[in-house]
Amino acid sequence: MLIFIRSEATASERAELRHALAAEGARGPLGTLPLGASDVIGVDAASMTSAAAQRIAGLPAVERIVPVKTPYKLASRAASAEPTRVRVGAVTIGGGGVPPVIAGPCSVENEEQIIESAQAAKQAGAVMLRGGAFKPRTSPYAFQGLGLVGLRWLARAREVTGLPVVTEVMEPGMVDVVAEYADVLQIGARNMQNYSLLVAAGHAGKPVLLKRGPSSTIEEWLLAAEYILATGNPHVALCERGIRGFDPLTRNVLDLAAVPLLRELTHLPVVIDPSHGTGRRELVAPMALAAVAAGADALLIEMHPRPDAALSDAAQTIAPATLAAIVAGARAITAALHPDTAKTATGG
Ligand code: PEP
Ligand code: MN
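A short tour of the structure in this document, coming up. The structure displayed is predicted, hence computed values, not measured ones.

**Here's the deal with the overall build of the protein chain**
Helices and strands together make up the secondary structure of the protein chain, namely eleven helices and 14 strands. Relative to the globule expectation of 20 Å for 348 residues, the C-alpha radius of gyration of the protein chain, 21 Å, shows essentially globular dimensions. If you line up the protein chain on its principal axes, its C-alpha atoms span 65 × 45 × 40 Å. A burial count over the protein chain gives 54% of its 348 residues as buried.

Encoded structure:
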């Protein structure tokens, strides 16, 4: 169930609620999440008797209690009628309008490469820069990323272009360092169920881009988002990047049905990554545009000034000209499908 707190509730009324929840044996992370006008707490309803729930409902801090059947509570639609808008500088992810495009190389390779990539991304119409400094590579023999120095060069690319930066953090102990440089913390697919990392990233207070695990169900993904939300950080965007299939002709199966489905299940925005979702650069533009038609709130795309020379994920990396075509296509599709919102500025 969800406990909505009255906006006028005093600090002592809130403390009384927290103590009462503990005394009644309420189970859950019990963190307070600010969502729109209300603060909300998620509780496992099965952990309380209905008499206890009624006592909680009668406390002065409580506005209302809403039952929620799904195992995720704060991420559920019931928590917020309004779509969550994740704001990063001038960029808004969620809530309609032309989906912002986040682009850049898979990895930061050197200072010139990331600055050149950022400039090319901006020129093509992208409004945020991506690039990995800490890379979770399947093979320990593959390029592992540049680490801290890569973060510094990302910050330099932001300085030069003004584009905010999204980059991956792989371990809880590195969250503070990565958050010093990044505007958005990316949780990689392989770490979607690294719960201590999710909690640490949530506490950093920065927006979090949560990738879907390669073999994770949508419910597991929303429960992972719940860990971040329960830290009190509402700035969470879900990123579908393909799930494991059986056909080696594509790297993954990009689950576009997740977009309209998540729209029903959650208030969180949905980002589509057609690069990891397909693994093949010739499939990136068609799937990016299909994602926009399906209602994606943003696109995350791997682009490199010289795609074939990319040190990681070259096969799925597009050239700047293809990115420009995707940006134009995203605008045209939004104008055709949602003429009322197509003029909404989403940044840049
Ligand atoms: C990436 O964005 O480069 C990446 C490693 O993605 P994923 O976690 O989806 O594999
Ligand atoms: Mn990659």
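**A look at the sheet that holds strand 2 (residues 32–35)**
Either a parallel or an antiparallel arrangement is found when strands of a sheet pair, and the pairing is made through backbone hydrogen bonds. The four strands are arranged 2-3-1-4 in an open sheet whose pairing can be described as antiparallel. If you trace the sheet from one side to the other, it starts and ends with strand 2 and strand 4 (62–66), each paired once. Across the sheet, the mean angle separating the axes of adjacent strands is 30 degrees when strand polarity is ignored. Helix 2 (residues 50–57) rests against strand 1 (2–5) and strand 4 of the sheet, and its axis sits at about 150 degrees to strand 4.

**Brief notes about the site of ligand 1**
Residues in close proximity to ligand 1 include Cys 106, Arg 130, Lys 135, Glu 168, Gln 186, Gly 188, Ala 189, Arg 190, Lys 211, Arg 241, His 276 and Glu 302, which together make up its full environment. At 3.0 Å from an oxygen atom of ligand 1 is found a side-chain nitrogen or oxygen belonging to Gln 186. About the coverage of ligand 1: the protein hides 98% of its 300 Å² of free accessible area. The residue inventory of the shell around ligand 1, partitioned by class, reads two nonpolar, three polar and seven charged.

**Some words on helix 6 (residues 195–203)**
For helix 6, every residue scored as buried is listed here: Leu 197, Leu 198, Ala 201 and Gly 202. On an axial view of helix 6, the arc spanned by its buried residues comes to 135 degrees, and they lie on one face. Looking at the buried positions of helix 6, the neighbouring elements they touch are helix 5 (175–181), strand 10 (184–187), strand 11 (208–211) and helix 7 (218–229).

**Observations regarding the packing of helix 7 against helix 8 (residues 258–265)**
Between helix 7 and helix 8, the shortest axis-to-axis distance is 12 Å and the interhelical angle comes to 55 degrees. The orientation of helix 7 with respect to helix 8, classified from their angle, is oblique. Between helix 7 and helix 8 lies a crossing of right-handed hand. Across the interface between the two elements, Ile 218, Trp 221 and Leu 222 of helix 7 pack against Ala 258, Leu 261, Leu 262 and Leu 265 of helix 8.

**Some points on the pattern of salt bridges**
By the definition in use, this model includes 19 salt bridges. Between Glu 13 and Arg 6 there is a salt bridge, and its shortest N-O distance comes to 3.4 Å. Asp 313 is the salt-bridge partner of Arg 251, the closest N and O atoms lying 3.1 Å from each other. With Arg 251 in the loop between strand 12 (236–240) and helix 8 and Asp 313 in the loop between strand 14 (298–302) and helix 11 (320–337), this residue pair connects regions lying 62 residues apart in the sequence. A relative accessible area of 36% means that Arg 251 is categorised as partly exposed. For Asp 313, a relative accessible area of 17% translates into the label buried. In the salt-bridge network here, residues are joined through shared partners; they are Arg 6, Glu 8 and Glu 13.

Criteria and cut-off values
- Residues numbered from 1 in each chain as written.
- Chains lettered and ligands numbered in written order.
- Predicted model: local features only at pLDDT ≥ 70, side-chain atom pairs only at ≥ 80, totals over all residues.
- Heavy atoms only, no water.
- Helix = DSSP H or I, 4+ residues; strand = E, 2+ residues; numbered from the N terminus.
- Rg over C-alpha atoms; globule rule 2.2 N^0.38 Å.
- Buried < 20%, exposed > 50% of the residue type's maximum accessible area, 1.4 Å probe, protein only.
- Pairing = 2+ DSSP bridges.
- Axes fitted to C-alpha atoms, helices over the stretch in contact; angles between N-to-C directions.
- Contact = heavy atoms within 4.5 Å.
- Near = heavy atom within 4 Å.
- Polar contact = N/O pair within 3.5 Å; in protein donor to acceptor, adjacent residues only side chain to side chain.
- Areas by Shrake-Rupley, 256 points an atom, 1.4 Å probe, with all protein chains shown as cover.
- Nonpolar A, V, L, I, M, F, W, Y, C, P; charged D, E, K, R; others polar.
- Arc of directions from axis to C-beta.
- Parallel < 35°, antiparallel > 145°, perpendicular 65-115°, else oblique.
- Left-handed = near helix turned anticlockwise from the far one by under 90°.
- Salt bridge = Lys/Arg side-chain N within 4 Å of Asp/Glu carboxyl O.

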